[in-house]
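Commentary on secondary and tertiary structure
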Amino acid sequence: MKIIVKKDYDSMSKEAAGIVRKEIEKKKDIVLGLATGSTPIGMYKELIRMHKEEGLDFSHVVSFNLDEYIGIDYDNPNSYHYYMKENLFDHINILKENTFIPDGNSDDLEESCRIYDKLIEEKGGIDLQILGIGANGHIGFNEPAEELNYGTSVVDLDDRTIKDNARFFNSIDEVPKKAITMGIGTIMKAKKIILMANGKNKAEAISKLIKGKKITTKLPATLLLLHPDVTVIVDEEAYSLGK
Ligand code: PGA
């Protein structure tokens, strides 16, 4: 696991965007795994800048998002469908038909999970997966538990996640309690992974991850220690509990 410590959020975001850019330039029809939340917003801004000012081309790029809430309208600003349009897709030349996000409003959620994994496989698998990390160590919405799901699944959100995400909603009662998320197997099959974290809130989870001593489903990000190509990019605050 490679660890890159950057001074602040801005330089963390630029570092991650630089890696994404290099990978797109190496393989123009790259399959990206994308994350939502506050962490990747700066990276998306930088990718938009690279597209607008330097011609970074997304016209052959395919993307699969990690997760989506269940039972939230896609025109609700808190849905990840809305987030992706707002923070990336509407500002670059990616083709709408090449962007995939789990369908949290499907009548048959189990079937839509199955179709999602099949589609990822049909597109050749994820080349580069972007991840944030929850303060509780979750990746995607794979919350700490005795057992984790292998494939894309319907999950209950952890109380801590509901609390952490309440900042985006009018009240904590509005935060959905369920989501669809890529499973740990789906994530681990990605050829290359970048995990970003910033802020003190993430320091404890990051410290446990980079110590690299234990792999536990109670801190799902530690499963990444088993992956051969993971780069963790953190700011100084997230790194503050160090090794
Ligand atoms: P955040 O969420 O980027 O909003 O902190 C990260 C995550 O929960 O994976």
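This report concerns the structure included in the present document. (Residues numbered from 1 in each chain as written. Predicted model: local features only at pLDDT ≥ 70, side-chain atom pairs only at ≥ 80, totals over all residues. Heavy atoms only, no water.)

1. Here we look at a negative patch on the surface
On the surface, a cluster of negative charge is contributed by D103, D107, D108 and E110. Assignment of secondary structure puts D107 in the loop between strand 5 (99–100) and helix 4 (109–122). (Patch = residues over 30% accessible without salt bridge, like charges linked within 9 Å, V, L, I, M, F, W, Y side chains within 5 Å. Areas by Shrake-Rupley, 256 points an atom, 1.4 Å probe, with all protein chains shown as cover. Salt bridge = Lys/Arg side-chain N within 4 Å of Asp/Glu carboxyl O. Lys, Arg positive; Asp, Glu negative; His and termini not counted. Charge placed at Lys NZ, Arg CZ, Asp CG, Glu CD. Helix = DSSP H or I, 4+ residues; strand = E, 2+ residues; numbered from the N terminus.)

2. Comments concerning the sheet that holds strand 9 (residues 192–197)
If you trace the 7 strands from one edge of the open sheet to the other, you get 1-10-9-6-2-3-5, paired in parallel fashion. With one partner strand each, in any of the chains shown, strand 1 (2–6) and strand 5 form the two edges of the open sheet. Judged from the 4 bridges that link them, strand 2 (residues 31–34) and strand 3 (residues 62–65) form a sheet pairing that is parallel. When the bridges of strand 3 are listed, L32 appears paired with S63. (Pairing = 2+ DSSP bridges.)

3. Remarks on the sheet that holds strand 4 (residues 67–69)
With antiparallel pairing, 3 strands are arranged side by side in an open sheet as 4-8-7. This sheet does not close on itself; its edge strands, each paired only once, are strand 4 and strand 7 (153–156). Taken over all neighbouring pairs, the strand axes of this sheet differ in orientation by 30 degrees on average, direction set aside. Pairing between strand 4 and strand 8 (residues 178–181): 3 bridges, direction antiparallel. (Axes fitted to C-alpha atoms, helices over the stretch in contact; angles between N-to-C directions.)

4. A word on a nonpolar patch on the surface
Taken together, the side chains of M1, I3 and V5 define a hydrophobic patch exposed on the protein surface, amounting to about 210 Å² of accessible area. When its relative accessible area of 39% is taken as the criterion, M1 is described as partly exposed. (Buried < 20%, exposed > 50% of the residue type's maximum accessible area, 1.4 Å probe, protein only.)

5. Considerations on the pairing of strand 8
For strand 7 and strand 8, the ladder comprises 4 bridges, and the chain directions are antiparallel. Paired with D156 across the strands is K178, a residue of strand 8.

6. Quick notes on the layout of surface pockets
For the largest pocket, the calculated volume is near 460 Å³. Contributing to the lining of the largest pocket are 27 residues, with G37, T39, I133, H138 and K202 lying nearest its centre. It is helix 5 (residues 159–165) that provides the largest number of residues to the lining of the largest pocket, a total of 4 residues. Counted by class, the lining of the largest pocket contains 8 nonpolar, 14 polar and 5 charged residues. Put simply, the second largest pocket is a space of about 300 Å³. (1 Å grid on protein atoms, 1.4 Å probe; cavity = no way out; pocket = protein on both sides within 12 Å on 5 of 7 lines; lining within 4 Å. Points joined across faces, edges and corners; volume = space filled by probe spheres on them. Nonpolar A, V, L, I, M, F, W, Y, C, P; charged D, E, K, R; others polar.)

7. As for the packing of aromatic side chains
To describe a pair of aromatic rings, one takes the distance between the centres and the angle between the planes. Inspection of the entire model under this criterion finds 8 aromatic pairs. Relative to F141, the ring of Y69 lies with its centre 5.7 Å away and its plane at 35 degrees, an arrangement referred to as tilted. Here the residue Y69 occupies a position in strand 4, and F141 occupies one in the loop between strand 6 (128–131) and strand 7, the gap between them amounting to 72 residues. Taken individually, Y69 and F141 each receive the classification buried, so the pair is uniform in this respect. (Phe/Tyr/Trp six-rings, centres within 6.5 Å; stacked < 30°, edge-to-face > 60°.)

8. Observations regarding the nonpolar core
Judged by nonpolar contacts, the single largest core of 72 residues is most densely connected at V20, M43, L47, F64, I130, L195 and I206. Non-local contacts of L47, meaning those with residues more than four positions away in its chain, are made with A17, V20, L56 and F58. (Core = buried A, V, L, I, M, F, W, Y, C linked by side-chain atoms within 4.5 Å. Contact = heavy atoms within 4.5 Å.)

9. Regarding empty space enclosed by the protein
It is the rolling of a water-molecule-sized probe over the atoms that shows where space remains empty. Inspection of the entire model under this criterion finds 1 cavity of 30 Å³ or more. Forming the boundary of the largest cavity are L32, L34, L47, F58, V61, S63, L88, I92 and I94. Taken together, the residues of the lining of the largest cavity sort by class into 8 nonpolar, 1 polar and no charged.

10. Description of the side chain of N78
Structurally, the position occupied by N78 is in the loop between strand 4 and helix 3 (80–87). What makes N78 buried here is its relative accessible area of 18%. Within polar-contact distance, the side chain of N78 engages the backbone oxygen of F168 at 3.3 Å. Residues contacting N78, with those up to four places away along its chain left out, are Y69, I72, F168 and F169. (Polar contact = N/O pair within 3.5 Å; in protein donor to acceptor, adjacent residues only side chain to side chain.)

11. Notes on the packing of helix 1 (residues 9–26) against helix 2 (residues 41–54)
For any two helices packed against each other, the geometry comes down to the angle between their axes and how far apart the axes lie. Taken N-terminus to C-terminus, the directions of helix 1 and helix 2 make an angle of 55 degrees; their axes are 8 Å apart at the nearest point. On the basis of their axis angle, the class for helix 1 and helix 2 is oblique. For the pair helix 1 and helix 2, the crossing hand works out as right-handed. Residue-level inspection shows Y9, S13, K14, A16, A17, G18, V20 and R21 of helix 1 in contact with helix 2, the latter providing I41, G42, M43, E46, L47, M50 and E54. Residues of the contact of helix 1 with helix 2, tallied by class, amount to 8 nonpolar, 3 polar and 4 charged. (Parallel < 35°, antiparallel > 145°, perpendicular 65-115°, else oblique. Left-handed = near helix turned anticlockwise from the far one by under 90°.)

Interpretation in functional terms is not warranted from these geometric data alone.
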